[in-house]
Amino acid sequence: MKYTWLALKSALVIVVLAGAAHYFSSVAIEQPETTTTEMVVPVSSETVEAETDFLEGLWKVRYRSTEFNGNVVFSIKKENDRYNAYMHQYEDEHGYSEEADGEKALEITQFDGAKGSGIYPFEYENEVYEIECDIKKVDENTFELSYDYYGYSDTETWKRQ
């Protein structure tokens, strides 16, 4: 199982390096400014607390690639007004599972009950990279996490355990 996790990390390293090459070889295109108007509705702190507590608990993400076929289970906990996801368990395609080391895998910096944002910390050659991501609640047992890092974009579906 450790070899599968190593393969998954290696694949992410390749994506980061390829993304960096893509980023430095492309020309930035400026987008026209847009303005939006939002209606602000007051919400009690009790309502916000109930909506965001939705994140706490165990969540399973399915990964399918040539490097890793299986699931990763994350444990999301509220800590100091933020939600953090920690590696909890790895499951391969044959049903074998292994406890994870509890490494922090995601910091949710903002969530209003329906959408939010966060940071994926990623370590490569003793350097930590922070990949910004967006979070969107799909239903009571599902949310989607999406990111775009130097041209490599993906959307992960997180399902409540």
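Each chain has its residues counted from 1, running along the sequence as written. Side-chain atom pairs in this predicted model are given and counted only at pLDDT of 80 or more, local residue features only at pLDDT of at least 70, and totals for whole chains, interfaces and linings cover all residues. Working from all heavy atoms in the structure, the side-chain values ignore hydrogens and water.

### Focus: the overall build of the protein
Now for step 1: The helix and strand tally for the protein stands at 2 helices and 9 strands.
Now for step 2: Here a helix means four or more residues in a row that DSSP labels H or I, a strand means two or more in a row labelled E, and each is numbered from the N terminus. Going from the N terminus to the C terminus, the protein shows its helices and strands as α-α-β-β-β-β-β-β-β-β-β.
Now for step 3: Pairs at least 24 apart in sequence give 36% of the contacts found in the protein among residues at least 6 apart.
Now for step 4: Here the protein has roughly 10900 Å² of accessible surface; of this, 49% comes from carbon and sulfur atoms. Contacts are assigned to residue pairs with any non-hydrogen atoms lying within 4.5 Å of each other. Accessible surface area values rest on a Shrake-Rupley calculation with a 1.4 Å probe, where residue burial reflects the displayed protein chains alone.

### Things to note about the confidence of the model for the protein
As a note on interpretation, predicted positions should not be read in detail where pLDDT is low.
Now for step 1: Mean pLDDT over the protein works out to 77, with 67% of the residues at or above the 70 mark.
Now for step 2: The predictor's confidence in any single residue is recorded as pLDDT, a number from 0 to 100. By mean pLDDT, the top-scoring element of the protein is strand β4 (residues 97-99) (96), and the lowest-scoring one is helix α1 (residues 2-25) (46).

### Points about the nonpolar core
One recurring pattern in soluble globular proteins: nonpolar side chains tend to sit buried together.
Now for step 1: We call a set of buried Ala, Val, Leu, Ile, Met, Phe, Trp, Tyr and Cys residues a nonpolar core when their side-chain atoms join them within 4.5 Å. Think of it in three bands: residues with accessible area under 20% of the maximum for their type are buried, residues over 50% are exposed, and the middle band is partly exposed, with areas taken using a 1.4 Å probe on protein chains only. Counting 28 residues, the largest nonpolar core has Phe74, Ile76, Phe143, Leu145 and Trp158 as its most contacted members.
Now for step 2: Looking at this core, the elements with two or more residues in it are β1 (57-64), β2 (69-79), β3 (82-92), β5 (104-111), β6 (115-124), β7 (127-139) and β8 (142-149).
Now for step 3: The residues touching Phe74, leaving out its near neighbours within four places in the chain, are Gly57, Leu58, Trp59, Val61, Tyr63, Ala85, Tyr86, Met87, His88, Ala105 and Trp158.

### Side note on the pairing of β2
Consecutive side chains of a regular strand alternate in pointing toward one face of the sheet and then the other.
Now for step 1: Pairing between two strands requires that DSSP report at least two bridges joining them. Two strands pair when backbone bridges link them, and β1 and β2 are joined in this way by 8 bridges, in the antiparallel orientation. Paired with Tyr63 across the bridge in β2 is Gly70.
Now for step 2: The antiparallel hairpin formed by β1 and β2 contains 4 residues in its connecting segment.
Now for step 3: Across 10 bridges, β2 lies against β3 in antiparallel orientation. From the neighbouring strand, Ser75 faces β3, where its bridge partner is Tyr86.

### Some remarks on the environment of Glu132
Now for step 1: With respect to the helices, strands and loops of the structure, Glu132 is situated in strand β7.
Now for step 2: For Glu132, the residues in contact, after removing those within four places along its chain, are Gly118 and Tyr147.

### Describing the side chain of Thr142
Now for step 1: Tracing the backbone through its elements, the reader meets Thr142 in strand β8.
Now for step 2: On the basis of relative accessible area, Thr142 is assigned to the buried category, the value being 4%.
Now for step 3: Each polar contact in these results corresponds to two N or O atoms within 3.5 Å; when the atoms are within protein, one needs to be able to donate a hydrogen and the other to accept it, and residues that are neighboring in sequence are counted only if both atoms are side-chain atoms. At 3.3 Å, the side chain of Thr142 and the side chain of Lys159 are in polar contact.
Now for step 4: Excluding its chain neighbours within four sequence positions, the residues that come into contact with Thr142 are Phe54, Trp59, Lys137, Thr157, Trp158 and Lys159.

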